[in-house]
Amino acid sequence: MGKIRIGVLISGSGTNLQSIIDACKSEYIPGEVVVVISNREDAYGRERARQAGIPEFFISHKGKSREDFEKELIKVLDRYKVDLVTLAGFMRVLSPYFVKYYSGRLMNIHPALLPAFPGINVQEKQWEYGVKIAGCTVHFVDEGTDTGPIIIQAAVPVYSDDEPEDVRLRILEEEHKIYPLAIKLFAEGRLTIKGRRVIIQGERKKGGVLINPSE
Ligand code: GRF
């Protein structure tokens, strides 16, 4: 299988975008980020794309119907012939129209162990709730909010003297590992969606936790 073409949608600082770019560059992911789209003009992730020489676009959602906005996204993504669309801190809910269009090739990263804590600002919500284990999830996107089939999850501890920011950063560190891993598995053709479950071909485990299956 050749390299896959990846499109990344962002709204913010783009640290996940950076981890995907770096993982493609080092050939950990057999793929290439071919286009980045931000719905926010001031997203720092745009600068990251430019520095990596990746075409980037600002497409505002403001004053547009959801469908018109999404048609603009699709137009650009199709022009760059993407095989996979990854949401990396993209802060817009996508309609069933967009989700169906990229069915089975649309991924998201969420900073909690789904199905606990769907929605936004969930790092702080986990801290407030007092969970002792927080984490993150990479999942395929379906028509619900943060409800799609789960690909990989990683857990992190929450300590008594943590501030919400400590929890956010601890989760983010894991995000930067599991998002590239999920994309790598997709690019290698090793993910199969069976109803709600994602089957990972050639999965290896150590202490019950998924490790890089190529190691
Ligand atoms: C991440 O925590 C991601 O899980 C959430 O938004 C944040 C984006 O961070 N959806 P970044 O823009 O990748 O730095």
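Residues numbered from 1 in each chain as written. Predicted model: local features only at pLDDT ≥ 70, side-chain atom pairs only at ≥ 80, totals over all residues. Heavy atoms only, no water.

S.K.: Is there a simple way to explain the environment of Thr147 in this structure?
M.R.: Among the secondary structure elements, Thr147 is positioned in the loop between strand E6 (133–140) and strand E7 (150–157). The partly exposed category is assigned to Thr147, whose relative accessible area is 34%. Separated by 32 residues in sequence, Thr147 and Pro115 place their C-alpha atoms 7.1 Å apart. In contact with Thr147, not counting residues within four places along its chain, are His139, Asp142 and Arg196. Of note is the side chain of Thr147, whose polar atom sits 2.5 Å from the side chain of Asp142. (Helix = DSSP H or I, 4+ residues; strand = E, 2+ residues; numbered from the N terminus. Buried < 20%, exposed > 50% of the residue type's maximum accessible area, 1.4 Å probe, protein only. Contact = heavy atoms within 4.5 Å. Polar contact = N/O pair within 3.5 Å; in protein donor to acceptor, adjacent residues only side chain to side chain.)

S.K.: Would you explain helix H5 (residues 122–129) in this entry?
M.R.: Spacing of three or four residues puts side chains on the same side of an α-helix, whose turn is 3.6 residues. Of all the positions in H5, only Val122, Gln123 and Gln126 are classed as buried. All buried residues of H5 lie within an arc of 115° about the axis, which places them on one face of the element. Where H5 is buried, its residues meet strand E5 (106–110), E6 and helix H6 (164–187). Following H5 by one or two positions, Gly130 has its phi on the positive side, about 90°. (Arc of directions from axis to C-beta.)

S.K.: Looking at this structure, I do not really get the site of the ligand. What am I missing?
M.R.: Surveying the vicinity of the ligand reveals the residues Ser13, Gly14, Thr15, Asn16, Gly89, Ile109, Pro111, Gln123 and Glu175. A distance of 2.8 Å separates an oxygen atom of the ligand from a polar atom in the backbone of Asn16. Its free accessible area being 370 Å², the ligand has 83% of it covered by the protein chains. Here the ligand occupies the largest pocket. A per-class count over the shell around the ligand returns two nonpolar, six polar and one charged. (Near = heavy atom within 4 Å. Areas by Shrake-Rupley, 256 points an atom, 1.4 Å probe, with all protein chains shown as cover. 1 Å grid on protein atoms, 1.4 Å probe; cavity = no way out; pocket = protein on both sides within 12 Å on 5 of 7 lines; lining within 4 Å. Sits in = over half its atoms within 2 Å of the grid points. Nonpolar A, V, L, I, M, F, W, Y, C, P; charged D, E, K, R; others polar.)

S.K.: Teacher, can you tell me more about H6 here?
M.R.: For H6, which comprises 24 residues, the first-to-last C-alpha distance of 34 Å matches the rise-based estimate of 34 Å (1.5 Å per residue) to within 8%. Positive backbone phi, approximately 70°, marks Gly189, located one or two places after H6. (Expected span 1.5 Å × (residues − 1).)

S.K.: Help me understand the state of the cysteines in this model?
M.R.: Counted by the stated rule, this structure contains zero disulfides. Here Cys136 is not cross-linked by a disulfide; its sulfur's nearest cysteine counterpart is in Cys24, at 19 Å. Of the residues examined, Cys136 reaches a relative accessible area of 0% and is grouped as buried. (Disulfide = S-S within 2.5 Å.)

S.K.: Whenever I open this one, unusual backbone geometry confuses me. Can you help?
M.R.: Trans is the common state for peptide bonds, and a negative phi is the common state for residues other than glycine. Here Leu114 and Pro115 are connected by a cis peptide whose omega angle stands at 10°. Considering the arrangement of structural elements, one finds Pro115 in the loop between E5 and H5. At Phe117, a position not held by glycine, the phi torsion is positive, near 55°. Inspection of the secondary structure puts Phe117 in the loop between E5 and H5.

S.K.: Could you clarify how one ought to interpret the pattern of salt bridges in this entry?
M.R.: If charged atoms from side chains of opposite charge come close, those side chains can pair. One pass over the structure, following the stated rule, counts twelve salt bridges. Here Arg50 makes a salt bridge to Glu56, at a shortest N to O gap of 2.8 Å. Judged by its relative accessible area of 45%, Arg50 is partly exposed. For Glu56, a relative accessible area of 16% puts it in the buried group. With a closest N to O distance of 3.8 Å, Glu143 and Lys100 form a salt bridge. Of this pair, Glu143 sits in the loop between E6 and E7 while Lys100 sits in helix H4 (residues 96–101), and the two are 43 residues apart along the sequence. Classification of Lys100 by relative accessible area gives exposed; the value is 56%. (Salt bridge = Lys/Arg side-chain N within 4 Å of Asp/Glu carboxyl O.)

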